[in-house]
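Read off the chains here:
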Amino acid sequence: MPQPTPSELRADSGKRLMLVSGRANPGLAAKMASKLGVSLSEMTLRTFSNGEVYCRFEESVRGADVFIVQPTCGNTDTGLSANDALMELMVMVDAAVGGSAHRVIAVTPWYGYSRQDKKSAPREPISARLVARMLEAAGIDRIVTMDLHSGQIQGFFQKPCDHMTAMFMLTQYFSDLGLEDLVVVAPDAGRVKLNKRFASKIGADLAILNKDRPAQQVAEISYVIGDVAGKTALLVDDIIDTAGTLKAAARAVYDAGARQVYAAATHGVFSGNAWENLAGAGLEQIVVTDTIPLPPGAPDNVRVLSCADLLTSSIRQIFTDGSVSDVFGGENQLF
């Protein structure tokens, strides 16, 4: 008897993973490639004299899962601004889609515009949502990011959004330091849940700062809620930008009687007069990850932990259709 015609056509299992890097953080991408055991795919990236960015894949991406490593931050070494990085990411995504990639995944550990996640005044944009729409319009199939400023940003995407966290790296680092009489200090009420979990992980007490923002990028700390007198304080936040908040927080905690003060954050933006503010903050250490390349002029007390292992593990899970939350034991929902 003749064999029935099959209802589907199966191809050989020849899945391909390609890792490419923009110019925002090539150092992080190189670490990830090394841990994955691949080389970064060749790209031509340039900025024309009129300011336009250009890209071209130098090898075929047809049928591949293309992971584009590009936090939307500036990079003084490559001459890229934050907006250049965002535009470069979008043209790389468009080029991969146009090259018939099977899936295009944006690996954006620092999600720019994340602090503009709601309207704080009339006639303001919700820029974090706009960026999500732009990336989806460019053609991403999913996005991998880390420690978003607020959890609702995940809801701005209709494509899958894999949310990583550096909390376990940071808690392990401070556990290994073996600091005595440690109290974790939340910089404001919005960070209490994160700081409570951080304190629980390292067996520390919790305190909260009462913070007001009279203007953008201006912070005023009025008092400390909790006991920090004679203790080692650890200020934990998601972002250090101009470090004005951190300087004010450190001063408030010292005024409340803290013996020494450390600081930790996932994203070290360090823009404007950040180094000047940190120099006057009296901090023992400032610990950040490498989601953003460290600008020049960093003081000696800045420590950088690499998030390459976390991102690499997540990429492996996505490529093999595994569980990303297993990388964190299901504990990556911080909000």
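A brief look at the structure comes next. Within each chain, residue numbers correspond to sequence positions counted from 1 in written order. In keeping with the predicted nature of the model, local features appear solely for residues at pLDDT of at least 70, side-chain atom pairs appear and are counted solely at 80 or more, and the whole-chain, interface and lining totals rest on all residues. To obtain the side-chain values, all non-hydrogen atoms of the structure were used and water was disregarded.

## Describing the overall build of the protein chain
In step 1: The secondary structure listing takes helices from DSSP runs of H or I that are at least 4 residues long and strands from runs of E that are at least 2 residues long, numbered from the N terminus. A tally of helices and strands in the protein chain yields eight helices and 14 strands.
In step 2: Its C-alpha atoms give the protein chain a radius of gyration of 22 Å, near enough to 20 Å, the size a compact globule of 335 residues would have.
In step 3: Projected onto its principal axes, the C-alpha positions of the protein chain cover 85 × 55 × 40 Å.
In step 4: When burial is assessed residue by residue, the protein chain has 51% of its 335 residues classed as buried.
In step 5: Computed with a 1.4 Å probe, the accessible areas rest on the Shrake-Rupley method; for each residue, only the protein chains presented here act as cover. Counting only carbon and sulfur atoms, one obtains 48% of the accessible surface of the protein chain, whose full area is about 15,700 Å².
In step 6: Across the protein chain, the mean location of the 31 positive side-chain charges is 4 Å away from that of the 37 negative side-chain charges. Radius of gyration here uses only the C-alpha atoms, and the compact-globule reference equals 2.2 Å multiplied by the residue count raised to the power 0.38. A 1.4 Å probe rolled over the protein chains alone gives each residue an accessible area, and that area as a share of the maximum for its type sets the label: buried under 20%, exposed over 50%, partly exposed in between. Neither His nor the chain termini are counted; the positive set is Lys and Arg, and the negative set is Asp and Glu. Lys charges are placed at NZ, Arg charges at CZ, Asp charges at CG and Glu charges at CD.

## Quick word on the packing of aromatic side chains
In step 1: The pairing test for Phe, Tyr and Trp rings, Trp by its six-membered ring, is centres within 6.5 Å, and the orientation test on the planes gives stacked under 30 degrees, edge-to-face over 60, and tilted for anything in between. If you walk through the whole model with that rule in mind, you get five aromatic pairs.
In step 2: Taking 5.7 Å as the distance between ring centres and 40° as the angle between the ring planes, the aromatic pair formed by Phe48 and Tyr54 counts as tilted.
In step 3: Measuring from ring centre to ring centre gives 4.6 Å for Phe270 and Trp275, while their planes differ by 35°; the resulting arrangement is tilted. Per residue, the accessibility class of Phe270 equals that of Trp275, and both read buried.
In step 4: Connected via pairs of aromatic rings, a cluster forms that spans Tyr173, Phe174 and Tyr262.
In step 5: Charge-over-ring contacts are defined here by two conditions on Lys NZ or Arg CZ: a distance within 6 Å of the ring centre and an angle within 35 degrees of the ring normal. When the ring centre of Phe319 is taken as reference, the NZ or CZ atom of Lys15 above it lies at 4.9 Å.

## Regarding the pattern of salt bridges
In step 1: Within this document, salt bridges are pairs made up of a side-chain nitrogen of Lys or Arg and a carboxyl oxygen of Asp or Glu, the two lying within 4 Å of each other. Counted under the stated rule, the structure contains 13 salt bridges.
In step 2: Its salt-bridge partner being Asp65, residue Arg103 comes within 2.7 Å of it at the nearest N-O pair. Taken together, the residues span a long stretch of sequence, with Arg103 in strand 5 (residues 103-108) and Asp65 in strand 4 (residues 64-69) at a distance of 38 residues. In this pair, the class of Arg103 matches that of Asp65, namely buried.
In step 3: Taken together, the shared-partner salt bridges in this structure form one network comprising Lys15, Asp65, Arg103 and Asp321.

## Quick word on the sheet that holds strand 1 (residues 16-21)
In step 1: For two strands to pair, DSSP has to find at least two bridges joining them. Ordered in space as 1-4-5-6-7, the five strands form an open sheet in which the pairing is parallel. The sheet is open, and its two borders are formed by strand 1 and strand 7 (161-164), each paired with just one other strand. Here the strands of the sheet are splayed against their neighbours by 20° on average, with no regard to which way each runs.
In step 2: Pairing of strand 4 with strand 5 involves five bridges; the strand directions are parallel. Residue pairing in the sheet places Val69 in a bridge with Val107 of strand 5.
In step 3: Residues are treated as being in contact if the distance between any of their heavy atoms lies within 4.5 Å. Angles run from 0 to 180 degrees between N-to-C directions of axes, and those axes are lines fitted to C-alpha atoms, restricted for helices to the stretch in contact. Running over the sheet, helix 1 (residues 26-36) touches strand 1, strand 4 and strand 5 and is turned about 155° from strand 1.
In step 4: Strands in contact with helix 2 (residues 82-98) are strand 1, strand 4 and strand 5; relative to strand 5, the strand with the most contacts, it is inclined by about 160°.

## Some details on the environment of Trp110
In step 1: Assignment of secondary structure puts Trp110 in the loop between strand 5 and helix 3 (127-138).
In step 2: Since its relative accessible area comes to 7%, Trp110 is described here as buried.
In step 3: When the C-alpha positions of Trp110 and Thr242 are compared, they lie 16 Å apart, and in sequence the two are 132 residues distant.
In step 4: With near-sequence residues (within four places) excluded, Trp110 lies in contact with Pro71, Thr72, Cys73, Ile239, His267, Val269, Thr291 and Ile292.

## Concerning the pairing of strand 11 (residues 232-240)
In step 1: Here strand 11 lies mainly inside the structure; nine of its nine residues are buried.
In step 2: As a crossover connection, the stretch from strand 11 through helix 6 (residues 244-255) into strand 12 (residues 260-268) is right-handed. A right-handed crossover is one whose linking path, passing over the helix from the first strand to the second, runs clockwise when the strands point away from the viewer.

## A closer look at the packing of helix 2 against helix 3
In step 1: For the pair helix 2 and helix 3, interaxial distance at closest approach is 8 Å and the crossing angle is 25°. With respect to their mutual orientation, helix 2 and helix 3 come out roughly parallel. Of the residues in helix 3, those in contact with Leu86, Leu89, Met90, Val93, Asp94 and Val97 of helix 2 are Val131, Met134, Leu135 and Ala138.
In step 2: Charged means Asp, Glu, Lys or Arg here, nonpolar means Ala, Val, Leu, Ile, Met, Phe, Trp, Tyr, Cys or Pro, and polar covers whatever is left, Gly included. Across the contact of helix 2 with helix 3, the residue classes break down as nine nonpolar, no polar and one charged. These descriptions rest on fixed angle ranges, namely under 35 degrees for roughly parallel, over 145 for roughly antiparallel, 65 to 115 for roughly perpendicular, and the rest for oblique.

## Observations regarding helix 5 (residues 192-202)
In step 1: Here helix 5 has its buried residues at Leu194, Asn195, Phe198, Ala199 and Ile202. Taken down its axis, helix 5 places every buried residue within 130° of arc, on the same side. In helix 5, the exposed positions that point more than 90 degrees away from the buried face belong to Lys196 and Ser200.
In step 2: Among the residues trailing helix 5, Gly203 stands out with phi positive, at a value near 70°. As used here, the arc belongs to the directions running from the helix axis to the C-beta atoms.

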